[in-house]
Amino acid sequence: MTVQPSQKPNRKTCCSPARNENVHNASVQSITKKKTHVNFATVEVPGGIAFLGTNNPQIPDDGERPLCKKRIKPFRIGQTVVTNQEFQKFVNETGYETDAERFGWSFVFWSEVSKQVPVTKGVHGASWWRRVDGATWKDINGPGTEAEVWYPNHPVVQVSHADAKAYAKWAGGRLPSELEWEHAARAGQGDIRFPWGDTEPNDSNNFPCNIWQGEFPFLNTGVDGWRTTAPAKSYLPNAFGLYNMIGNVWEWAADAYRVKSRKKHVRRQMNQMQGFKLLKGGSFICHRSYCYRYRIAARTGNSPDSSATHQGFRVVWDK
């Protein structure tokens, strides 16, 4: 059976576990734009001056600062992250095989591993992440779990950066840049911490997004109504009408994950993360006590072939 994790949370490894593979070993499949008619619910984001980063970083070693202002062109962005149902249409049309399917395994949070799965291996420094053979975007928590946890209107997860790019190409779009993502999340409100402003979520009576409540990684009370993913279109949208820009699932961005720093330990970490891609927004397992990355300026990175139960994506289209 799966062993409960015993290590204390590690800020560097808690967010997104990476495969111990060559980070360039991502799937390369021939994908063309969609042929069938698919209605993508999108929001038009105006151009102008966009904010990137913050002058009040909470995790400085992640490269959250400084606050920059840059001019940006208008674009369209998915009202939600891509759902299981939408990804299913893509797979049906193209026959696409995800990286998790090719590798034969993916990462599952320890408390969600199916009881049918034998002993699993944990990630060093983050043993709450378990390698589960047969875990894919359909069998999210391992073989035979599709009927238990696969919901059409929930975010597609267990998808790599390469998988997200392939879908975006099929949909006639692309993944957002970090600047585009933050501009969309801020919705014209300037240097705010969250899409709704600066009021902090908590464990008792303020649940504006889907994050962890309780003591990580042992107790998730789920008092916000969800212990894992919530429907992609849930909670209140931001001022642009975008849902779940914070929490629920990490969202792949187009950018490489880079942090400029003179600190030796940061530079050493960046050397170990060469080729990694950027993720934004945090997920349902984020909590301020150990991983305060469910903020607009927060960021993390992962190898482009990695996938887990809390990583998804949304698409942007040029106007």
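Provided above is the structure to which this section pertains.
In short, a report on the structure. Computed from a prediction, not measured in an experiment: that's the story for all the values here.

So, the packing of helix H1 (residues 84-94) against helix H4 (residues 161-170)
Then, number 1: Put simply, H1 and H4 touch, their axes get as near as 11 Å, and they point 80° apart. Relative to H4, H1 is oriented roughly perpendicular. Where H1 approaches H4, its residues Glu86, Phe87, Lys89, Phe90, Glu93 and Thr94 are matched on the opposing element by Asp163, Ala166, Tyr167 and Trp170.
Then, number 2: Residues that form the contact of H1 with H4 fall into these classes: 5 nonpolar, 1 polar and 4 charged.

A closer look at the nonpolar core
Then, number 1: Counting residues in each nonpolar core, the largest one holds 68 residues, and the members touching the most others are Phe87, Phe90, Trp129, Tyr167 and Phe313.
Then, number 2: Element by element, the count of residues in this core is highest for H4, at 5 residues.
Then, number 3: Sequence-distant contacts of Phe313, defined by excluding residues within four places in its chain, comprise Val81, Val82, Phe87, Val156, Val159, Ala164, Tyr167, Leu175, Trp250, Glu251 and Trp252.
Then, number 4: Residues Tyr257, Val259, Met273 and Phe276 belong to the second largest nonpolar core, which totals 8 residues.

Thoughts on the pattern of salt bridges
Then, number 1: The tally for this structure, following the rule as stated, stands at 17 salt bridges.
Then, number 2: Residue Lys138 is joined to Glu146 by a salt bridge in which the shortest nitrogen-to-oxygen separation is 3.5 Å.
Then, number 3: Residue classification places Glu146 among the partly exposed positions, given a relative accessible area of 33%.
Then, number 4: When the shortest N-O distance is used, the salt bridge between Glu178 and Arg299 registers 2.9 Å. Residue Glu178 is found in helix H5 (residues 178-186), and its partner Arg299 is found in the loop between strand E11 (277-280) and strand E12 (300-302); the two are separated by 121 residues along the sequence.
Then, number 5: Residue classification places Glu178 among the buried positions, given a relative accessible area of 9%.
Then, number 6: Judged by its relative accessible area of 6%, Arg299 falls in the buried class.

Observations regarding the sheet that holds strand E1 (residues 42-45)
As a general point, the strands of a sheet are linked pairwise by backbone hydrogen bonds and lie either parallel or antiparallel.
Then, number 1: Sheet architecture is open: 3 strands sit in the order E1-E4-E14, paired in antiparallel fashion. One side of each edge strand has no neighbouring strand; the edge strands of this open sheet are E1 and strand E14 (316-318). Across the sheet, the mean angle separating the axes of adjacent strands is 25° when strand polarity is ignored.
Then, number 2: Bridge count between E1 and strand E4 (residues 75-78): 4 bridges; the pairing is antiparallel. Note on E4: the bridge partner recorded for Val43 is Ile77.
Then, number 3: Here H5 sits on the sheet in contact with E1, E4 and E14, set at roughly 75° to E4.

Description of H5
Then, number 1: Taking burial as the measure, the 9 residues of H5 include 9 buried ones, the bulk of the element.
Then, number 2: Residues Glu178, Leu179, Glu180, Trp181, Glu182, His183, Ala184, Ala185 and Arg186 constitute the buried set of H5.
Then, number 3: Just past H5, the residue Ala187 takes up positive phi, approximately 50°.

Cut-offs used in this document
Residues numbered from 1 in each chain as written. Predicted model: local features only at pLDDT ≥ 70, side-chain atom pairs only at ≥ 80, totals over all residues. Heavy atoms only, no water. Axes fitted to C-alpha atoms, helices over the stretch in contact; angles between N-to-C directions. Helix = DSSP H or I, 4+ residues; strand = E, 2+ residues; numbered from the N terminus. Parallel < 35°, antiparallel > 145°, perpendicular 65-115°, else oblique. Contact = heavy atoms within 4.5 Å. Nonpolar A, V, L, I, M, F, W, Y, C, P; charged D, E, K, R; others polar. Core = buried A, V, L, I, M, F, W, Y, C linked by side-chain atoms within 4.5 Å. Buried < 20%, exposed > 50% of the residue type's maximum accessible area, 1.4 Å probe, protein only. Salt bridge = Lys/Arg side-chain N within 4 Å of Asp/Glu carboxyl O. Pairing = 2+ DSSP bridges.

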